[in-house]
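Commentary on secondary and tertiary structure
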Amino acid sequence: MKYVKLSQTDDLMPTLGLGTWQAPPDVIETTVYKALELGYRHIDTAFNYNNEEAIGSAIKKWINDGKGARRDLFITTKLPHVGNRASDVKTFLDLQLSRLQMDYVDLYLIHVPFGFHCDPETLTPRIKHNGDYDLDMETNHITTWKKMEECQKAGLIRNLGLSNFNEKQIEKIIKSATLKPQVLQVELHAYFQQLDLRKFCAENNIVVTAYAPLGSPGAKDHFVNKYNYSPDAFPDLLGHPDVKEIAEKHGKTTAQVLLHFLVNQKIVVIPKSTSENRLKENFQIYDFELSPPEVNRLKKLDKGENGRIFNFLFWKGVEKHPEYPFQLCAVDVTKA
Ligand SMILES: NC(=O)c1ccc[n+]([C@@H]2O[C@H](COP(=O)([O-])OP(=O)(O)OC[C@H]3O[C@@H](n4cnc5c(N)ncnc54)[C@H](OP(=O)(O)O)[C@@H]3O)[C@@H](O)[C@H]2O)c1
């Protein structure tokens, strides 16, 4: 297991974590326990994944079984879009900590830069009569960040970070922050290598975490009946002939090659799997080296902005939010 050091707290963040999106509670509880047994020490979840309680139970059992201690683990969760305002930070964090059955999280991210009004019954976004999501146009990153800093000072969070923010939005927070963002979690894989954003993060001591590092093969099932869905938006990265050829040469799988390619560039990866074999497979990524020509071949798979899968347009009307983070190009409107 390898680590990166977070600049302001010196905390060590494992470069490999377990993603948990689309993993239902009954499945993720046994998966997390298995993953911890296999050596995973970093788990990524979010309020919106509806599985924090099951993850907390698995961790609690692992600790009670004498397998390890809370301090050995790095747990990330995220402030949801419906709680993206200063007055809601503590409320959601408290609820999440109680679901996770923990006193603190290692990393708390603002999940997305935009915000929705919250249905207090379901804690999901309110939807208007025309099907548009009810945007909270007053989203203010600075006041939200200040509240997160207070929670960090109170010991409820060890490190703060952002997810799905663009460079301009991050810069604004850096300028007014006491505790600067330590981690940025964004979509990042061989088709979408985010070179400019990575350079900016390196210059600002921000660790980059790659979500969808395998190209999120399960995303198309999730988005299939959603607004703006197009199957063409989900190309098969794991089946790409170049990746296959490189994998065969090393006696590794395409998933292992794609993950190694990223961690070797000091990017944290959080592949999701609920299969025991694939959990093992995704853990064996440090025991081989790619040659410079192979690395160059993988670098050439980058499609720039056209490689983006997660543009969030399935939340109908979200692009009208003043903090919607992405530049929309013509191709985007056909994507999920
Ligand atoms: N911040 C955000 O907005 C955001 C957005 C998306 C994701 N995330 C986080 O990032 C994590 C990873 O992203 P992701 O889940 O979208 O995509 P991913 O990790 O790229 O891909 C996961 C999918 O690949 C399959 N898979 C896993 N290992 C495999 C292997 N070795 N060979 C073949 N298939 C394999 C999984 O199926 P099985 O489970 O059946 O193995 C699952 O369907 C998420 O789980 C979540 O924690 C964050």
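On a predicted model such as this, the values are computed, not experimentally measured, just so you know. (Residues numbered from 1 in each chain as written. Predicted model: local features only at pLDDT ≥ 70, side-chain atom pairs only at ≥ 80, totals over all residues. Heavy atoms only, no water.)

Helix and strand content of the protein chain: 11 helices and 12 strands. The C-alpha atoms of the protein chain give a radius of gyration of 19 Å, which matches the 20 Å a tight globule of 336 residues would have. In terms of principal-axis extent, the alpha carbons of the protein chain reach across some 55 × 55 × 40 Å. Across the 336 residues of the protein chain, 56% fall into the buried class. Relative to all contacts within the protein chain whose residues are 6 or more apart in sequence, the contacts with residues 24 or more apart total 73%. (Helix = DSSP H or I, 4+ residues; strand = E, 2+ residues; numbered from the N terminus. Rg over C-alpha atoms; globule rule 2.2 N^0.38 Å. Buried < 20%, exposed > 50% of the residue type's maximum accessible area, 1.4 Å probe, protein only. Contact = heavy atoms within 4.5 Å.)

Here we take up unusual backbone geometry. Phi angles above zero are rare outside glycine, and N205 is one such case at about 55°. Secondary-structure assignment places N205 in the loop between α6 (195-203) and β11 (207-211). You can call N205 exposed: its relative accessible area is 53%. Here the phi dihedral of K266 falls at roughly 65°; this positive angle occurs in a residue that is not glycine. Following the sequence through the fold, K266 ends up in the loop between α9 (254-263) and β12 (268-269).

Going through the model one piece at a time under the given rule, you end up with 19 salt bridges. K78 is paired through a salt bridge with D44; the nearest N and O atoms lie 2.7 Å apart. Separated by 34 residues along the polypeptide, K78 in strand β5 (residues 74-79) and D44 in strand β4 (residues 42-44) bring together distant segments of the chain. Each member of the pair, K78 as well as D44, is classed as buried. In this structure, E294 and K249 form a salt bridge, with 3.2 Å as the shortest nitrogen-oxygen distance. (Salt bridge = Lys/Arg side-chain N within 4 Å of Asp/Glu carboxyl O.)

To continue, consider the site of the ligand. The environment of the ligand is made up of 29 residues, and the closest members are D44, L214, S216, S273 and R278. One of the side-chain nitrogen or oxygen atoms of H111 is found 3.3 Å away from an oxygen atom of the ligand. Protein contact buries 90% of the 900 Å² of open area that the ligand shows by itself. Per-element tally for the shell around the ligand: the top contributor is helix α10 (residues 276-283), with three residues. When its residues are assigned to classes, the shell around the ligand shows 12 nonpolar, 12 polar and five charged. (Near = heavy atom within 4 Å. Polar contact = N/O pair within 3.5 Å; in protein donor to acceptor, adjacent residues only side chain to side chain. Areas by Shrake-Rupley, 256 points an atom, 1.4 Å probe, with all protein chains shown as cover. Nonpolar A, V, L, I, M, F, W, Y, C, P; charged D, E, K, R; others polar.)

Our next topic: the UniProt feature "domain: NADP-dependent oxidoreductase" (unreviewed entry) in the protein chain. Per the UniProt record, "domain: NADP-dependent oxidoreductase" (unreviewed entry) is found at residues 16-302. In residues 16-302, the share of helix is 40% and the share of strand is 14%. The end C-alpha atoms are 22 Å apart. (UniProt positions renumbered as here; feature names shortened; annotations may be inferred.)

As a further point, take the nonpolar core. The biggest cluster of nonpolar side chains holds 96 residues, and the ones touching the most others in it are V32, I170, L184 and F312. By residue number, the principal contributor to this core is α9, which donates seven residues. For L184, the contacting residues outside a window of four places in its chain are L162, S163, N164, F165, I170, L197, C201, I206, V207, V208 and T209. (Core = buried A, V, L, I, M, F, W, Y, C linked by side-chain atoms within 4.5 Å.)

Counted residue by residue, strand β9 (residues 157-163) has six buried out of seven residues, so it is predominantly covered. As judged from the three bridges shared by β9 and strand β10 (residues 183-187), these two strands associate in the parallel manner. Bridging from a neighbouring strand, S163 pairs with Q185 of β10. Crossover β9 to β10 through helix α5 (residues 167-176) is right-handed. (Pairing = 2+ DSSP bridges. Right-handed = clockwise from strand over helix to strand, strands pointing away.)

In this section: the pairing of β10. Counting buried residues in β10 gives five out of five residues, a clear majority hidden from the surface. Taken together, the five bridges between β10 and β11 define a ladder with parallel strand orientation. Counterpart to E187 in the pairing with β11 is Y211. With α6 bridging β10 and its parallel neighbour β11, the resulting β-α-β unit is right-handed.

Moving on, we get to α9. Of all 10 residues making up α9, 10 are buried, and the element is well covered by its neighbours. For α9, the complete set of buried residues consists of T254, A255, Q256, V257, L258, L259, H260, F261, L262 and V263. At its buried positions, α9 is contacted by β11, α8 (241-250), β12, α10 and α11 (292-299).

Moving on to the state of the cysteines. With the rule as written, the count across this model stands at zero disulfides. C151 supplies the cysteine sulfur nearest to C118, a cysteine that is in no disulfide, at a spacing of 17 Å. Residue class for C118 comes out buried when judged on its relative accessible area of 18%. (Disulfide = S-S within 2.5 Å.)

Along the chain, the position of D242 falls in helix α8. Each C-alpha atom, one on D242 and one on R278, is 21 Å from the other, the two residues being 36 residues apart in sequence. Contacts of D242, omitting those with residues within four sequence positions, involve R297 and L301. Only 3.3 Å separates the side chain of D242 from the side chain of R297, close enough to count as a polar contact.

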